[in-house]
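Results of the structural survey
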Amino acid sequence: MSGLVPFLPPPLLDAGAICVGATCGAITRYKIGQKASAYIASSPSTRNGLTGWHTAGINVLGSFALGAVTATPVKAATTPAPSFGMTPRTKLLLGIGFCGAFTTFSTYAVDIVSMVERGEVAKAVCYGVGTSVGSIGAATVGMMAVRRFFGVGK
């Protein structure tokens, strides 16, 4: 990427990569939220219990993706294309940028508080534990998958 814009300093290119990734991650999360809300609204009497669970799904999926990005080895930008790995800037774009904006701990926390306020304590506990265990498990599977599939170590 630095070859495309040689006049920009590397920290600015890194910030740009994070911004591009974050924009894409936030838009993706927003669109999934819209689709989930429309699905629930199409039959509120049978689907109202699903409210908020799309955030859990996003967090689990994002944890898997971040685990995979984290386990992917770093390669130099000058390494030939067929080699496996990501440049540090690509890791910034996908890890901090995309996954950071795609997943959302703050929405997860507000969802739990809202469930408790509505008297849905059991649902809040299931949601909290399910999201936490699912996200940690997904991150582990993402990291293990990259290591096993591509034969890379820790």
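Scroll up to find the structure.
I will try to describe carefully the structure that is included in this document.

The rules behind the values
- Residues numbered from 1 in each chain as written.
- Predicted model: local features only at pLDDT ≥ 70, side-chain atom pairs only at ≥ 80, totals over all residues.
- Heavy atoms only, no water.
- Helix = DSSP H or I, 4+ residues; strand = E, 2+ residues; numbered from the N terminus.
- Buried < 20%, exposed > 50% of the residue type's maximum accessible area, 1.4 Å probe, protein only.
- Contact = heavy atoms within 4.5 Å.
- Areas by Shrake-Rupley, 256 points an atom, 1.4 Å probe, with all protein chains shown as cover.
- Lys, Arg positive; Asp, Glu negative; His and termini not counted.
- Charge placed at Lys NZ, Arg CZ, Asp CG, Glu CD.
- Patch = residues over 30% accessible without salt bridge, like charges linked within 9 Å, V, L, I, M, F, W, Y side chains within 5 Å.
- Salt bridge = Lys/Arg side-chain N within 4 Å of Asp/Glu carboxyl O.
- Phe/Tyr/Trp six-rings, centres within 6.5 Å; stacked < 30°, edge-to-face > 60°.
- Lys NZ or Arg CZ within 6 Å of the ring centre and 35° of its normal.
- Axes fitted to C-alpha atoms, helices over the stretch in contact; angles between N-to-C directions.
- Parallel < 35°, antiparallel > 145°, perpendicular 65-115°, else oblique.
- Left-handed = near helix turned anticlockwise from the far one by under 90°.
- Nonpolar A, V, L, I, M, F, W, Y, C, P; charged D, E, K, R; others polar.
- Core = buried A, V, L, I, M, F, W, Y, C linked by side-chain atoms within 4.5 Å.

Once that is clear, we can look at the overall build of the protein. Counting its secondary structure elements, the protein contains six helices and zero strands. Ordered by position from N to C terminus, the α and β elements of the protein give α-α-α-α-α-α. The proportion of buried residues among the 154 residues of the protein is 29%. Of all intrachain contacts in the protein linking residues separated by at least 6 positions in sequence, the fraction that spans at least 24 positions is 66%. On the protein, roughly 9,200 Å² of surface is accessible, and the fraction owed to carbon and sulfur atoms is 72%. When the 12 positive and 4 negative side-chain charges of the protein are each reduced to one mean point, those points stand 15 Å apart.

Another aspect to go through is the environment of Gly57. Turning to its location among the elements, Gly57 is positioned in helix α3 (residues 53–71). Gly57 sits in the partly exposed class, given a relative accessible area of 38%. Separated by 25 residues in the primary sequence, Gly57 and Ile32 have C-alpha atoms spaced 9.9 Å apart.

Further remarks concern a nonpolar patch on the surface. A grouping of Val116, Val121, Val125, Val129 and Val133 is seen on the molecular surface, where their side chains present a nonpolar patch of about 420 Å² in accessible area. Among the elements that make up the nonpolar patch, the one with the highest residue count is helix α6 (residues 121–150) (four residues). In this structure, Val133 sits in helix α6.

Here we take up the packing of aromatic side chains. In this structure the tally under the stated criterion is five aromatic pairs. Ring centres 5.5 Å apart and planes at 20 degrees place the aromatic pair Phe98 and Phe102 in the stacked group. Taken together, the residues Phe98 and Phe102, both in helix α4 (residues 88–102) and four residues apart, mark about one turn of the helix. On the basis of relative accessible area, Phe98 is assigned to the partly exposed category, the value being 23%. Measuring from ring centre to ring centre gives 5.2 Å for Phe105 and Tyr108, while their planes differ by 55 degrees; the resulting arrangement is tilted. Pair noted here: Phe105 and Tyr108 are both in helix α5 (residues 105–117), with a separation of three residues, about one helical turn. A connected cluster of aromatic rings, assembled from ring pairs, spans Trp53, Phe105, Tyr108 and Tyr127. The ring of Tyr39 is capped by Arg47, whose NZ or CZ atom sits 3.8 Å from the centre of that ring.

Closest axis-to-axis distance for the α3/α6 pair is 7 Å, and the angle between their directions is 25 degrees. Judged by the angle between their axes, α3 and α6 are roughly parallel. In this structure, α3 meets α6 at a crossing whose hand is right-handed. Residue composition of the contact of α3 with α6, grouped by class: 13 nonpolar, nine polar and two charged.

Ala56, Tyr108, Met115, Ala124 and Tyr127 form the largest nonpolar core, which has five residues in total. Beyond its immediate sequence surroundings of up to four residues, Tyr108 is in contact with Thr55, Asn59, Tyr127, Gly128, Thr131 and Ser132.

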